[in-house]
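For reference, the chains in residue letters:
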Amino acid sequence: MTPDDGRTAVHDAVDTAVDRALGRLVAQGRARDARSAVLAEAARDAASGGKRFRPRLVAESHRAFGGSGTADAAVADVAAGFELLHTAFVVHDDVIDGDTERRGRPNTSGLFRAGARAEGATPARAARYGDAASILVGDVLLYEAVRLIAAADLPAGPRRRLLDLLDDVILLSAAGELADVEYATLPAPPAPEAVLAAARDKTAVYSISAPLQAGAILAGAPDDAVDALGAAGRALGLAFQLADDLIGAFGTAGQAGRAPGADLREGKHTALVAMARQSGSWPEVEAALALAPDGPAGVRAAREALEACGARKRVHALIEETLDAARERWSRAPVPEASKRMLGNLTDVIEERTP
């Protein structure tokens, strides 16, 4: 998105802010009792690593708008808040999806499950304990994200705008997650438009739109510019999530951060499946998708059916259409040229990650 030296500076500032917040949390936990310490340390571990994609967007947007009137420390704190918000959502999402691994190693639930099993718990009780611990760790991270943003050294006006934005983001993301689960649970198939709306709400807003808007708010941007960024960011975020849908079905373990074909094994009603449902080959695709939970051979059969019916090609086309719509929005938006260049670079990133 920017030259390497810019990325390094952003990484350093955000890493420092994240480490400071989590260090405070761990110190507080250890000063209280053993279980508080365990939860705080698990939160710290869940937030380690990662590409820091969302906080980079906050910092890049702030810089594109001139970065006037706000101290760098406040920008880093707000950016770090978006990183911890992302981590909290990921920890909760893994519980909802029943995943016990992320990036090829045990996630929060997997670690707590393994600990319980080592102490003699049955598999069912260990699973319950692991999921409960993950929900609590996610709660701790969610609060810490809000605390970082609320406590940033900012004037009252920008702080209120940021908290209003965060309020919308958290509620909308939760509603999108609920819709995602609903579509995988209830027998009536969702319309493609509903699946796209859920994808936008669940991930696009907090991953792209809100970080871009937060950076602009920190720089003192006017409301019309912030609103324009939101519209462009929602389109980019939808394309980002559609690319994630393809990664969840066709990506490698390295791309997905978990076992290949995870979305297929879990029976998720993604845009890819919604497109397949509209094809004349849906009965054959549905039968192939039913095999995906059985293992690698079933995943391979599901992939081949989705490819053959044209669903993968249609999602690729939808990504391009969505990115074109985003380009159209920001080309006419009342934002600086530096912001338009940043959005163009972000578009390139999304296109490159699409499998």
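None of the values given here were measured: they were computed from a predicted structure.

1. A short note on the environment of Ser339
Next up, step 1: Within the secondary structure, Ser339 is located in helix H16 (residues 337–352).
Next up, step 2: Classification of Ser339 as buried rests on a relative accessible area of 0%.
Next up, step 3: For the pair formed by Ser339 and Asp227, sequence separation is 112 residues and the distance between their alpha carbons is 13 Å.
Next up, step 4: Beyond its immediate chain neighbours, meaning those up to four positions away, Ser339 contacts Ala64, Phe65 and Leu229.

2. Examining empty space enclosed by the protein
Next up, step 1: Tallied over the entire structure, the rule returns one cavity of 30 Å³ or more.
Next up, step 2: Every residue along the wall of the largest cavity is listed here: Asp245, Ala249, Asp263, Leu264, Lys268, Thr270, Leu272 and Val273.
Next up, step 3: Elements represented by at least two residues in the lining of the largest cavity include exactly helix H9 (223–250), helix H11 (262–265) and helix H12 (271–277).
Next up, step 4: Residues belonging to the lining of the largest cavity are distributed by class as follows: four nonpolar, one polar and three charged.

3. Side note on unusual backbone geometry
Next up, step 1: Located in the positive-phi region is Arg52, a residue other than glycine, with phi close to 55°.
Next up, step 2: Along the polypeptide, Arg52 turns up in the loop between helix H2 (34–46) and helix H3 (53–64).
Next up, step 3: Judged by its relative accessible area of 8%, Arg52 is buried.

Rules used throughout
- Along each chain, numbering runs from 1 in the same order as the chain's sequence is written.
- Reporting in this predicted model follows two pLDDT cut-offs: at least 70 for local features of residues, and 80 or more for side-chain atom pairs to be given and counted; totals over whole chains, interfaces and linings ignore these cut-offs and use all residues.
- To get the side-chain values, all heavy atoms of the structure are used, and hydrogens and water are removed first.
- A run of DSSP states H or I qualifies as a helix once it reaches four residues; a run of E qualifies as a strand once it reaches two. Both are numbered from the N-terminal end.
- When a residue's accessible area, from a 1.4 Å probe over protein chains only, is under 20% of the maximum for its type it is buried; when over 50% it is exposed; and in between it is partly exposed.
- By definition in these notes, contact holds between two residues if any of their heavy atoms fall within 4.5 Å.
- With a 1 Å grid spanning the protein atoms alone, the term cavity applies to any set of points in which a 1.4 Å probe fits but cannot get out, the term pocket to an open set with protein on both sides within 12 Å along at least five of seven lines, and the term lining residue to any residue with an atom within 4 Å of a point.
- Grid points are joined across faces, edges and corners, and a volume is the space filled by probe spheres set on the points.
- Each residue gets one of three labels, nonpolar for Ala, Val, Leu, Ile, Met, Phe, Trp, Tyr, Cys and Pro, charged for Asp, Glu, Lys and Arg, and polar for the others, Gly among them.

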